[in-house]
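Analysis of the macromolecular model
Given next are the chains, with one letter for each unit.
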Amino acid sequence: IRDGAREIDLVVNVGAIKSGDWTTVEKDIAGVVDACREAGAVCKVIIEAALLDDEEKVVVSRIAGKAKAHYVKTSTGFGPGGATVYDVALMREAVGPDMGVKASGGIKTAQAAKDTIAAGATRIGASAGIEIIAEAGGTA
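Keep in mind that this is a model prediction, so the values were computed, not measured.

1. A word on the overall build of the protein chain
Of regular secondary structure, the protein chain possesses six helices and five strands. In sequence order, the secondary structure elements of the protein chain are arranged as β-α-α-β-α-β-α-β-α-β-α. For 140 residues, the compact-globule estimate of 2.2 N^0.38 gives 14 Å, and the protein chain sits close to it at 15 Å. Counting only C-alpha atoms, the protein chain reaches 45 × 35 × 25 Å along its principal axes. Expressed as a percentage of its 140 residues, the buried residues of the protein chain come to 41%. A sequence separation of at least 24 residues applies to 64% of the contacts in the protein chain between residues at least 6 apart.

Here is the structure:
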């Protein structure tokens, strides 16, 4: 942030989540979100949904919302799975209508992008962005 970053991605501590150490998860998220907000930077909390069960996804999404993160994000794109419509909808329900939800990882077609947006995504992270736009009839 001191070097000019305007957006920060925080990958949650999956080990703490899996061991039920929600205090550590809350402190980690709040600390990074607070630093971002103080400096005027956006904070996206990556929950790496493919590694979590539904209850864990909901709890960590709510923790991110309580900490006033700007977004929850489905994945880094490097984990065992990317964004699913189900996970986006689950995260949207957990954080409500005012927080951003970023669908990231595995979105390769215009239809997949449309489906995740319909499920509640406000941002899409896709390495196939040019192909998606071209498929949708736009120009890249």
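2. A closer look at the packing of helix α4 (residues 85-95) against helix α5 (residues 110-119)
It is the contact of α4 with α5, at a shortest axis distance of 8 Å, that shows an interaxial angle of 20°. Between α4 and α5, the interaxial angle falls into the category roughly parallel. Judged by the twist between their axes, the crossing of α4 over α5 is right-handed. For the pair α4 and α5, the contacting residues are Val-85, Val-88, Ala-89 and Arg-92 in the first and Asp-115, Thr-116 and Ala-119 in the second. Here the residues of the contact of α4 with α5 are counted per class, giving four nonpolar, one polar and two charged.

3. Here we look at the nonpolar core
Residues Val-12, Val-25, Ile-29, Val-33, Val-45, Val-60 and Val-72 are the most contacted members of the largest nonpolar core, which totals 35 residues. When residues in this core are grouped by element, the largest group, four residues, is from helix α2 (residues 22-39). In this view, Ile-29 contacts Leu-10, Val-12, Val-45, Val-60, Ile-63, Ala-64 and Ala-67; residues no more than four positions away in its chain are not counted.

Analysis parameters
- Residues numbered from 1 in each chain as written.
- Predicted model: local features only at pLDDT ≥ 70, side-chain atom pairs only at ≥ 80, totals over all residues.
- Heavy atoms only, no water.
- Helix = DSSP H or I, 4+ residues; strand = E, 2+ residues; numbered from the N terminus.
- Rg over C-alpha atoms; globule rule 2.2 N^0.38 Å.
- Buried < 20%, exposed > 50% of the residue type's maximum accessible area, 1.4 Å probe, protein only.
- Contact = heavy atoms within 4.5 Å.
- Axes fitted to C-alpha atoms, helices over the stretch in contact; angles between N-to-C directions.
- Parallel < 35°, antiparallel > 145°, perpendicular 65-115°, else oblique.
- Left-handed = near helix turned anticlockwise from the far one by under 90°.
- Nonpolar A, V, L, I, M, F, W, Y, C, P; charged D, E, K, R; others polar.
- Core = buried A, V, L, I, M, F, W, Y, C linked by side-chain atoms within 4.5 Å.

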